[in-house]
Amino acid sequence: MILRTGCPTYSSFPAAPTMDHPGETYDIIFVGGGAAGCVAAGQLAAANPGLKVLIIEAGPHSLNVDTHVQPVRYLGNLLNANKLRKSFTLHVAQPSEAVANRKIVVPSGRVLGGGSSVNFMVYTRASASDYDTWERVHENPGWGSKDLIPLLKQIETYTLPTSNSTHGTEGPIRISYPTDSLNVAQQFLEVVAKYDKDRPVTDDWNDFKTGDAYGKWPKYVDDKTGRRSDTAHHFIYNQAENKNLTVLTESRGVRVVFEGTRAVGVEFITGDANSPSQAFASKLVVLSAGAFASPAILERSGIGAPDVLHKNGIAQLVNLPGVGERYNDHNIVLTHYAASPEADSVDPAVHGPEDALAASTGSVHIAHGLDPYGPLNFIHSYLDEEADVAVYRWMYKHLREIARRMPFYRGEILDCHPTFPAGSGATCKPENDPVGIDAPKLVYTVEDDAAIDDYHRRMIATAWHALGTCAMKPRDKGGVVDSRLNVYGTTQLKIADLSICPENVGANTYNTALAVGAKAAVLIAEDLGLNLGNSKCSL
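Everything numeric here is computed off the predicted structure, so don't read it as measured data.

What counts and what doesn't
Residues numbered from 1 in each chain as written. Predicted model: local features only at pLDDT ≥ 70, side-chain atom pairs only at ≥ 80, totals over all residues. Heavy atoms only, no water. Helix = DSSP H or I, 4+ residues; strand = E, 2+ residues; numbered from the N terminus. Areas by Shrake-Rupley, 256 points an atom, 1.4 Å probe, with all protein chains shown as cover. UniProt positions renumbered as here; feature names shortened; annotations may be inferred. Core = buried A, V, L, I, M, F, W, Y, C linked by side-chain atoms within 4.5 Å. Buried < 20%, exposed > 50% of the residue type's maximum accessible area, 1.4 Å probe, protein only. Contact = heavy atoms within 4.5 Å. Axes fitted to C-alpha atoms, helices over the stretch in contact; angles between N-to-C directions. Parallel < 35°, antiparallel > 145°, perpendicular 65-115°, else oblique. Nonpolar A, V, L, I, M, F, W, Y, C, P; charged D, E, K, R; others polar. Phe/Tyr/Trp six-rings, centres within 6.5 Å; stacked < 30°, edge-to-face > 60°. Lys NZ or Arg CZ within 6 Å of the ring centre and 35° of its normal. Pairing = 2+ DSSP bridges. Salt bridge = Lys/Arg side-chain N within 4 Å of Asp/Glu carboxyl O. pLDDT = per-residue confidence, 0-100. Polar contact = N/O pair within 3.5 Å; in protein donor to acceptor, adjacent residues only side chain to side chain. Arc of directions from axis to C-beta.

## Topic: the overall build of the protein chain
Item 1. Each helix and strand in the protein chain was counted, giving 14 helices and 19 strands.
Item 2. Here the protein chain displays about 21,800 Å² of accessible surface, and carbon together with sulfur accounts for 51% of that area.

## Quick word on the UniProt feature "domain: Glucose-methanol-choline oxidoreductase N-terminal" (unreviewed entry) in the protein chain
Item 1. Using the residue numbers shown here, the UniProt feature "domain: Glucose-methanol-choline oxidoreductase N-terminal" (unreviewed entry) corresponds to residues 109-132 and 290-304.
Item 2. Helix and strand shares over residues 109-132 are 21% and 4% respectively, and the end C-alpha atoms of the span are 28 Å apart.
Item 3. With 73% helix and 13% strand, the stretch residues 290-304 has end C-alpha atoms that lie 16 Å from each other.

## Quick notes on the UniProt feature "binding site: FAD" (unreviewed entry) in the protein chain
Item 1. As annotated by UniProt and renumbered to match this structure, "binding site: FAD" (unreviewed entry) occupies V111, N119, F120, M121, V122, W464 and H465.
Item 2. Within the secondary structure layout, V111 lies in the loop between β5 (105-109) and α4 (128-136).
Item 3. By the element assignment, W464 lies in the loop between β18 (461-462) and β19 (493-495).

## Some words on the nonpolar core
Item 1. Of all hydrophobic cores here, the largest spans 98 residues; its most connected members are F30, L44, L298 and L493.
Item 2. By residue number, the principal contributor to this core is helix α14 (residues 510-528), which donates 11 residues.
Item 3. The residues contacting L298, other than those within four sequence positions of it, are L287, I303, V323, C470, V480, V487, L493 and I495.
Item 4. Core analysis: the second largest hydrophobic core is formed by 13 residues, V184, F188, L189 and M395 among them.

## Re the packing of helix α6 (residues 183-195) against helix α12 (residues 389-404)
Item 1. For the pair α6 and α12, the least separation of the axes is 9 Å and the interaxial angle reads 110°. With respect to α12, the element α6 is oriented roughly perpendicular. Residues F188, V191, V192 and Y195 of α6 form the contact with α12, whose participating residues are H398, E401 and I402.
Item 2. In the contact of α6 with α12, the residues fall into five nonpolar, one polar and one charged.

## Overview of the packing of aromatic side chains
Both the distance between ring centres and the angle between the ring planes are used here to describe each pair of aromatic rings.
Item 1. Applying the stated rule across the entire model yields 11 aromatic pairs.
Item 2. Judged by centre distance (6.2 Å) and plane angle (70°), the ring pair of F188 and Y214 falls under edge-to-face. Residue F188 is located in helix α6, and its partner Y214 is located in the loop between α6 and α7 (231-236); the two are separated by 26 residues in the primary sequence.
Item 3. With a centroid separation of 6.3 Å and 55° between ring planes, the pair formed by Y337 and Y409 is classed as tilted. Separated by 72 residues along the polypeptide, Y337 in strand β15 (residues 337-339) and Y409 in strand β17 (residues 409-412) bring together distant segments of the chain.
Item 4. Overall, the relative accessible area of 3% leaves Y337 in the buried class.
Item 5. An aromatic cluster is built from Y123, Y158, Y220 and Y510, whose rings are joined through pairwise contacts.
Item 6. The ring of Y26 has K52 sitting right over it, with the charged end atom 5.2 Å from the ring centre.
Item 7. Over the aromatic face of Y177 sits the side chain of K216, whose NZ or CZ is 5.3 Å from the ring centroid.

## Some points on the packing of α12 against helix α13 (residues 446-459)
Item 1. In the contact formed by α12 and α13, the axes pass within 9 Å of each other and the chain directions differ by 105°. Of the possible angle classes, the one that applies to α12 and α13 is roughly perpendicular. Each of V389, Y392, R393, Y396 and K397 in α12 lies in contact with α13, whose residues at this interface are D449, I452, D453, H456 and R457.
Item 2. Looking at side-chain class alone, the contact of α12 with α13 contains four nonpolar, one polar and five charged residues.

## Considering the pairing of strand β9 (residues 251-259)
Item 1. In terms of strand pairing, β9 meets strand β10 (residues 262-270) through eight bridges, oriented antiparallel. Paired with G253 across the bridge in β10 is F268.
Item 2. In this antiparallel pair of consecutive strands, β9 and β10, the connection spans two residues, and G260 shows a positive phi of 70°.

## Points about the pattern of salt bridges
Item 1. Under the defined criterion, the tally for this structure stands at 20 salt bridges.
Item 2. Here R125 ties to E156 by a salt bridge, and the two come within 3.7 Å at their closest N and O atoms. On the criterion of sequence distance, the pair formed by R125 in the loop between β5 and α4 and E156 in strand β6 (residues 156-158) is long-range, its members being 31 residues apart.
Item 3. A relative accessible area of 2% means that E156 is categorised as buried.
Item 4. With a shortest N-O distance of 2.7 Å, R262 and E259 are connected by a salt bridge.
Item 5. Each of R484, K494, E526 and D527 takes part in salt bridges that share partners, so that together they form one network.

## Some details on the confidence of the model for the protein chain
Item 1. Put simply, the protein chain has an average pLDDT of 85, and 84% of its residues get 70 or more.
Item 2. Across residues 359-387 the pLDDT falls below 50, and counting only partners more than four positions away or on other chains, this stretch makes 111 contacts in the model.

## Digging into unusual backbone geometry
Item 1. Even without being glycine, F208 reaches a positive phi, approximately 75°.
Item 2. Phi at L485 is positive, roughly 70°, even though this residue is not glycine.
Item 3. Considering the arrangement of structural elements, one finds L485 in the loop between β18 and β19.
Item 4. Overall, the relative accessible area of 1% leaves L485 in the buried class.

## Comments concerning the environment of A496
Item 1. The residue A496 is located in the loop between β19 and α14 in this model.
Item 2. Remark: the alpha-carbon pair of A496 and F30, spanning 466 residues in sequence, is separated by 8.9 Å.
Item 3. Apart from residues no more than four positions distant in its own chain, A496 is found in contact with A36, G37, V286, L287, S288, L485, V516 and A520.

## A word on the environment of H398
Item 1. By secondary structure assignment, the location of H398 is in helix α12.
Item 2. Residue H398 is classed as buried on the basis of its relative accessible area, which comes to 13%.
Item 3. Between the alpha carbons of H398 and K441 there is a distance of 9.3 Å; along the sequence they are 43 residues apart.
Item 4. Discounting residues that sit within four places of it in the chain, H398 has contacts with Y195, D196, R199 and Y214.
Item 5. A polar contact is formed between the side chain of H398 and the side chain of D196, at a distance of 3.4 Å.

## Quick look at helix α5 (residues 145-155)
Item 1. Looking at α5, one finds that the buried residues are S145, L148, I149, L151, L152 and I155. Axial view of α5: buried residues confined to an arc of 165°, hence all on one face.
Item 2. The inward-facing, buried residues of α5 abut α1 (35-47), α4, β6, β7 (173-175), α7 and α14.

Below is the structure:
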């Protein structure tokens, strides 16, 4: 493997030389080294050592960088993305009355491994019905659950006890639980088991069918090393001996180079260079730059809606109005509560200095650190589709009742809750005592409901799950790629990232990115007559 960078890298990664000659030719070029791109490129390179593969990544390397490999860093990374501008791209949405005229900022991973190098490491898998909808409703043969579940099994090693057969046991991506879960997380599950009689507590809600239940979230953490299970280390960096796999970081893909409508290369800017460079592909160009960058690259290449291209002075190559449309995301609201001193907290990991972080995690600093979703001050609501204030209103009330019944509960953090009208029986209190399991619920008036809705419009934010902007649908239905990931109206050009999702999924999207990457590898191998075999790129 050849590692190259356009700018100085992190101190833990040695500087590499710049590209020998800008016009170098490869067999396949991947524009973007995110979660899906690393899976596809890594599997193809590992199974075909003679295949010349180039990955062009806008962000830096993540090889053995503490910020990326130590799980405890995840929350500080996401909540302080502006301080890690090398590893994130910040996208600013247009203001909307639906969110109190705010410009919501959406960070996306910009580092080798993409979101898998910076995300929450939450192991949740979409329902089988999500993928079956991709296949049946959106007319994508080969993308149903029966096709994707086997690929996901090959990628993972699920180290936890399970009674279902949907988990893998020999893949490079390891899934585990922390050995020392937060006491708040355990208390939460104990309370809901007694309070909510309509929803069970389950040991495994990742069987592609179980939903509407409570349970622990396994983590993408290697139980052997205590490090993050990301795609960069497990599909790319482990191929040190492969001299035909080249990774060029801190280099931003600008546009695709075409001969007619056949993709033959990529134009890119390396570091602070004043002029672009080019690299050429004899077999295929694959855009894997994510839901924001992939459609932008297409449009700069002349592929998109005529009005968008005309407005920006770009000559039309392919009329494809679906490019950049139908952006999807998940939404999140963090609702904070005060807790008793006995409750475990993630505050040192998020807000403390380096020595405080180390002290707070002790022997699990490298391993799981602190349980991401246990603390009382981070109970949150999470939707799987466009935010709906009525659903969020129900969720706020439901979670507040659970919090009030937890023995660790000591009141609400007022800035992180609705401001209810004077005299309301639902008024939040900064100091309060827990109530019993069978205590009556709080009563909310119409005015209280309005206060909750206003709070959510002011506070709702992204869950960092951008997708759908180059949808895999029929062209006449707004599609950008077909079911083999080919960009309509072109040849030798595919897309392999979450932008191709024709519809959102009811889960954290890292697992879906793994599915897209694995399926892309299969399709590319079939189209180009390459070997894929049982390549897993395991360490």
